[in-house]
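# Secondary and tertiary structure notes
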Amino acid sequence: MLALFSGLRMPWTLLGWVALVPWLAAVERARSWRGALALGLGLAVAFSVVVFGWFAGSVQAYSQAPLWVCWLALLVMAPVVQLQFPAAALARYFARRAVEGAGTLTGAGAPQGNDSRVPVRSDAGPPVGRDASVGARLGWLPPVVTALVYVGVEWFAPKLFADTLGLGLVTQEWQRQGADVAGAPGLTLLLLLVNECVLATLRSLRVPSSRQRAVIPAAAGVALVLVLTAYGAFRHSQVTAATRREGGLVVGAVQANITNYEKLKAERGTYDVVRMILDTHYEMSDGLLRAGPVDLLVWPETVYPTTFGSPRSEAGAELDAEIAGYVAQRGVPLVFGSYDLEGEREFNAAMFLGPSARGDTLERTAYRKTMLFPLTEWVPDLIDTPTLREWLPWTGRWKRGPGPKAVSFRLRDGRSLTVAPLICYESIFPSFVAQGVRQGAELLLTLSNDSWFSGTPAPRLHLAHAAFRSIETRRSQVRVTNSGVSALIDATGAVVAEVDDNQRSGLAMRVPVTASMPSLALAWGDWLGPVALVLAVALMGGAVLSGHRRAPGAR
C-alpha cells in the first residue's frame, strides 16, 4: 500500500490513511525489543526498495558503477535514510513496557473479573494487569509516542530526498493547506495518528465484548480528518480571496530537454555543445517573446555549463558577451543557471542579468547554491582526500554558498521584483526556503536539473516538495527545469501550468499575485521535528516515573 501511496497520484494517495496499519499491528505484537527492531529495519529496507528502487539505476547512470554495487549501497543506506521506521518501532515497544510498568495497559476485551492484578494478554490489545485504571488512562501513550518519534526522527535523519508520508496529501486540495502550520511533517503526524485510530478500531471490533469501545478511536480518526479538511477549506478560501490572477508578472520559462551534458561533450566537443545549448535557448526564448509580452526570461540550472563573468578562455569571453548582448537587445532580464568563480572556489549559481536603474548598462547578480547534493556536487572537507577522488572520480567539486538570499532586480518595464532563488536540491528544505522569504521575497524562483532522474518518480516527488514550499510560505513559485517538470505553482500549492518530464517546450507563465499572509510554517520553519522529539521524551519519562512510583513496595 505504501508503494501505491508513494506514487503521488489519486486515488492511491488515499491509502495513506491506512497504509501503516498492518505494520503497526505487527510491531504491537512484538515480544522483545529485538523483534520490534527487526520489524522496523525490515520496513526500512522494503520501503527503500519499493519506493526508491529507481535511485540505484540513476546512480549507476551517473557514476558508471556496476548496478549491483548501486543496489548494495541503497540497501546498506536504507536503515539510515529511513531511520524513522526502526526508531518508531523501538519507541512503541518501550512505551508499551513503560505503561505496563505504570500499571499494565487495559486492552480492548480485557477480562472484567474482580482480580485486576493478575497479568494476562488479550489478542485484541497489549497486556493487561495489576492496575487497570492506570492502563486505561495511559493506553494512548504507545501510539502517540510512536507518531512523535517517527516525525522527530525524520527531522534529523539524513534523508536524501526529505521524503515523508505527508507529501502524499499534495493531491488533496483542501487537506494539503494544513502544511502552513507545520509543513508536510505535520500532515505526516496526522496520517500516523489516523492509522493508529484505525488499528485501535479494528482491534476492538475483533473481540465481541469490546466492540462498543471501537466507537472512540473511530470517532477520533474521523475527527482528525474532518478538522484537517475544515481548516484546509478555510485557509484555501482565504488564500483564494487574497489572490489576483489578472495582470501581474509574466515569466517565460524554457525547458529545452537537453540532457547528459558530459556524454554530449565527449561526442561533440565542449564548445559545440555549449553553442547548441545557447542557440536552442535563444530560439525558444524568442518564440516566447514573439507570442506576447514577457517580463522575465528564466532558463534552468547549469544551462550554461561553465563560469559566467569569469571566462576561462577567449571563446568563453565571447559566449559571455553574447549572452549579455542578447539580454540587452531584447530588453528583458534573464535568470539562468551557470557557475560562479571566486579565486579557486567554484559555485553552482543562478545568474541574474538585466537592465540597471538608468537603463544604459546591465547589472549582474549571482546567487550561489548552498544545499548541495552529497558527493555528486560536494564533498565535505573532512573526507575530501585524493584517495576518495581516485575511488570516486565522479564526485563534485563545488563549494557551498553563504545561505538563503532574497534577490531584487528590475523587470522589463522598470518594476522591481524580489525573489527567493532556489537551485534544485534547496527546494526540499522548508526552513531554508522560509528564511529566503522572510528577507522580503515576493516569489519563489526555482532552477533545477532533474535529468538524471528522468523517467522515474523523482521529478514528481520534487514537484510535490515545491508545492509544499509555496503552501508553507504562501508565495507563488516559478519552477524551471532542463527536462521537467517545469511549473507555475500558486500559493495554494496548485500547479497552474506545467511542462511534463522529458518534454521540450517554452511556457509563458502569468504569475498570480497573492497578498502577504502569515503562517506558522513561514515564521518558524521546520519546527515540528524537534518539538515532537522533546514531547516524546517527556511522555516516556513521565510513564517511567509513574511506573517507579507504583512499583510494589514503593512509597
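What this report covers is the structure whose coordinates are included nearby. (Residues numbered from 1 in each chain as written. Predicted model: local features only at pLDDT ≥ 70, side-chain atom pairs only at ≥ 80, totals over all residues. Heavy atoms only, no water.)

## Side note on the environment of Leu388
Turning to its location among the elements, Leu388 is positioned in helix α14 (residues 386-391). Setting aside its immediate chain neighbours within four residues, Leu388 contacts Val379 and Ile383. (Helix = DSSP H or I, 4+ residues; strand = E, 2+ residues; numbered from the N terminus. Contact = heavy atoms within 4.5 Å.)

## Thoughts on the nonpolar core
Judged by nonpolar contacts, the single largest core of 112 residues is most densely connected at Trp23, Phe352 and Val478. For Val478, the residues in contact, after removing those within four places along its chain, are Val251, Leu443, Leu444, Leu445, Thr446, Ala487, Leu488, Met509 and Val511. Membership of the second largest hydrophobic core comes to 31 residues, among which are Tyr282, Ile323, Val327 and Phe336. (Core = buried A, V, L, I, M, F, W, Y, C linked by side-chain atoms within 4.5 Å. Buried < 20%, exposed > 50% of the residue type's maximum accessible area, 1.4 Å probe, protein only.)

## A closer look at the sheet that holds strand β14 (residues 505-514)
A sheet is described by the order of its strands in space; here six strands give the open sequence β7-β6-β5-β4-β3-β14, paired in mixed fashion. At either end of the open sheet lies a strand with only one pairing partner, and these are β7 (362-368) and β14. The average undirected angle you get between the axes of adjacent strands in this sheet is 40°. Bridge analysis of strand β6 (residues 345-355) against β7 gives seven bridges, and the strand direction is antiparallel. Its bridge partner being in β7, Ala350 is matched across the sheet by Tyr367. (Pairing = 2+ DSSP bridges. Axes fitted to C-alpha atoms, helices over the stretch in contact; angles between N-to-C directions.)

## A word on the pattern of salt bridges
Evaluation of the coordinates by the stated rule reveals 25 salt bridges. Where Lys159 meets Glu154, a salt bridge forms, and the shortest distance between an N and an O atom there is 3.8 Å. By the burial criterion, Lys159 is buried, and Glu154 matches it. With a closest N to O distance of 2.7 Å, Arg368 and Glu342 form a salt bridge. Within this pair, whereas Arg368 is found in strand β7, its partner Glu342 is found in strand β5 (residues 334-342), the two being separated by 26 residues in sequence. Its relative accessible area of 42% is what places Glu342 among the partly exposed residues. (Salt bridge = Lys/Arg side-chain N within 4 Å of Asp/Glu carboxyl O.)

## Concerning the packing of helix α2 (residues 21-28) against helix α9 (residues 179-206)
The geometry of a pair of packed helices is captured by two quantities: the angle between their axes and the separation between those axes. At a minimum axis separation of 9 Å, α2 and α9 run at an interaxial angle of 65°. Read as a crossing pair, α2 and α9 show a hand that is right-handed. Along its contact with α2, which presents Val21, Leu24, Ala25 and Glu28, the element α9 presents Asn195, Glu196, Val198, Leu199, Leu202 and Arg203. A per-class count over the contact of α2 with α9 returns six nonpolar, one polar and three charged. (Left-handed = near helix turned anticlockwise from the far one by under 90°. Nonpolar A, V, L, I, M, F, W, Y, C, P; charged D, E, K, R; others polar.)

## Regarding the side chain of Ser486
Position of Ser486 among the secondary structure elements: in strand β12 (residues 486-489). Judged by its relative accessible area of 2%, Ser486 is buried. A distance of 2.9 Å separates a polar atom in the side chain of Ser486 from the backbone nitrogen of Thr481. Ignoring any residue separated from it by four or fewer positions in sequence, one finds Ser486 in contact with Gln255, Arg479, Val480, Thr481, Ala497, Glu498 and Val499. (Polar contact = N/O pair within 3.5 Å; in protein donor to acceptor, adjacent residues only side chain to side chain.)

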